Amino acid sequence: MKDFKGSVAVITGGASGLGLALAKAAQARGCKLVIADIREDALAAAAKALGANGEVLAVKTDVSQADEVEALAAAAVAKFGKVNLLFNNAGIFASSLSWETSADEYDWVIGVNQRSVASGIRSFVPRMIAQGDPCHVVTISSGAGLTVNPGFATYSMTKHAVLALTEALWLDLRAQKVPNIGVTIAMPGMTQSGIMSPEKTTPSALKGEVGERLGNPVLKALETLMQAGVAGGLSAEALADQVFAAIAADDLYVLPAFDDEGSRTFATAVATGRASGTNAYPPFVDAFLETLSTL
Ligand SMILES: NC(=O)c1ccc[n+]([C@@H]2O[C@H](COP(=O)([O-])OP(=O)(O)OC[C@H]3O[C@@H](n4cnc5c(N)ncnc54)[C@H](O)[C@@H]3O)[C@@H](O)[C@H]2O)c1
């Protein structure tokens, strides 16, 4: 997609941080907007900031619930007749130790960071295929989708998962010869946003658990470092511009955090291997690529 004018963009987690910056960037390029977020007040404020005119639709959505994501897709099409851009952006970070994290907390983070992307793909991609006009799906993973740090159990696990899922989407669209849908995955590092205030969306039953672990000195130190890093990180607006540049160039990867030579070499080596399909299960890779080329 190079010309965004008149396109319809759906942004999950659109009430703050990167989501709101993506909404503003889409609007500046002439898109109609559908912003979705679990926080109704923040969503209303964001819609107001975006002009709250007939070209902005705000839909309260819990992205961890597949039926709510399906309702979001239906609302977007009912309002604007189509969807061209889907930003799977909503996400949460809560540090934890893998063995102390409750089953309910695992479910929460997996639901918001990971199942949301599967639901977005399931609800939006078939509609985009039927439309046949230029479309693009963007997933916001993280640098933590390629790396792991202490305390990052749930976050890194889910961000790795959506990297693989979005790459699988890209490979499948090509293998199935779907011509009109591009795919981009962003793996940002520290970016200015509200991500270090997870209490704003933590389910009430988990608030004690999430708060208590800051008694652990390692996790407390990690959170302090992260808070400073996010406060001094890349601006959400700069990241949104990088994402739109990648959509226009049809780039699969946006790697803003991997900007020194060593880490860029690492990230692009992973990315190149994965996107070429040559990282398929080694015993099958030649046969797989040969079969694909004959279809
Ligand atoms: N800020 C960073 O440093 C950074 C780095 C790498 C990746 N990311 C990713 O960027 C994305 C955007 O996060 P951000 O940094 O702008 O943080 P943010 O907290 O400012 O924005 C996230 C938004 O998602 C919403 N949200 C949370 N749970 C939801 C749910 N169940 N359903 C719908 N909406 C929900 C929140 O209300 C919030 O408005 C996330 O996927 C995050 O993991 C952020």
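Structure's up top.
Attention here is on the structure that accompanies the text. For clarity, every value in this text was computed on a predicted model and none was experimentally measured.

This paragraph deals with unusual backbone geometry. In the Ramachandran plot, Lys 177 falls in the positive-phi region, its phi being about 55 degrees despite a non-glycine side chain. On the secondary structure map, Lys 177 appears in the loop between helix H5 (153-175) and strand S6 (181-186). In this model, Asp 250 sits at a positive phi of 55 degrees, which is unusual for a non-glycine residue. Tracing the backbone through its elements, the reader meets Asp 250 in the loop between helix H8 (236-249) and strand S7 (253-254). Residue class for Asp 250 comes out partly exposed when judged on its relative accessible area of 47%.

Bringing the nonpolar core into the picture now. With 45 residues, the main nonpolar core has Val 10, Val 34, Trp 108, Phe 124, Ile 181 and Met 187 as its most contacted residues. The set of elements that each furnish at least two residues to this core consists of strand S1 (8-12), strand S2 (32-37), strand S3 (56-60), helix H3 (66-80), helix H4 (103-131), strand S5 (135-140), H5 and S6. For this core, the element with the most residues is H4, which contributes eight residues. Not counting chain neighbours up to four residues away, the residues in contact with Phe 124 comprise Val 10, Val 69, Leu 72, Ala 73, Val 83 and Leu 86. Judged by nonpolar contacts, the second largest core, of 34 residues, contains Ala 25, Ala 186, Leu 239 and Val 243.

What the rule picks out here adds up to five aromatic pairs. Between Phe 4 and Phe 244 the ring centres are 5.1 Å apart and the planes differ by 80 degrees, which places this aromatic pair in the edge-to-face class. Residue Phe 4 is found in the segment before S1, and its partner Phe 244 is found in helix H8; the two are separated by 240 residues along the sequence. In this structure Phe 4 comes out as buried when scored by relative accessible area, which is 6%.

Before going further, it helps to examine the packing of H4 against H5. Angle between the axes and distance between the axes: these two values describe a pair of packed helices. Between H4 and H5, the least distance of the axes is 8 Å, while the angle of their chain directions is 15 degrees. As far as their axial angle goes, H5 and H4 are roughly parallel. The handedness of the crossing between H4 and H5 comes out as right-handed. Contacts between H4 and H5 involve Tyr 106, Val 109, Ile 110, Asn 113, Gln 114, Val 117, Ala 118, Ile 121 and Val 125 from the former and Thr 154, Tyr 155, Met 157, Thr 158, Lys 159, Ala 161, Val 162, Leu 165, Thr 166, Leu 169 and Leu 173 from the latter. Here the contact of H4 with H5 is composed, by residue class, of 14 nonpolar, five polar and one charged.

Conventions used here
- Residues numbered from 1 in each chain as written.
- Predicted model: local features only at pLDDT ≥ 70, side-chain atom pairs only at ≥ 80, totals over all residues.
- Heavy atoms only, no water.
- Helix = DSSP H or I, 4+ residues; strand = E, 2+ residues; numbered from the N terminus.
- Buried < 20%, exposed > 50% of the residue type's maximum accessible area, 1.4 Å probe, protein only.
- Core = buried A, V, L, I, M, F, W, Y, C linked by side-chain atoms within 4.5 Å.
- Contact = heavy atoms within 4.5 Å.
- Phe/Tyr/Trp six-rings, centres within 6.5 Å; stacked < 30°, edge-to-face > 60°.
- Axes fitted to C-alpha atoms, helices over the stretch in contact; angles between N-to-C directions.
- Parallel < 35°, antiparallel > 145°, perpendicular 65-115°, else oblique.
- Left-handed = near helix turned anticlockwise from the far one by under 90°.
- Nonpolar A, V, L, I, M, F, W, Y, C, P; charged D, E, K, R; others polar.

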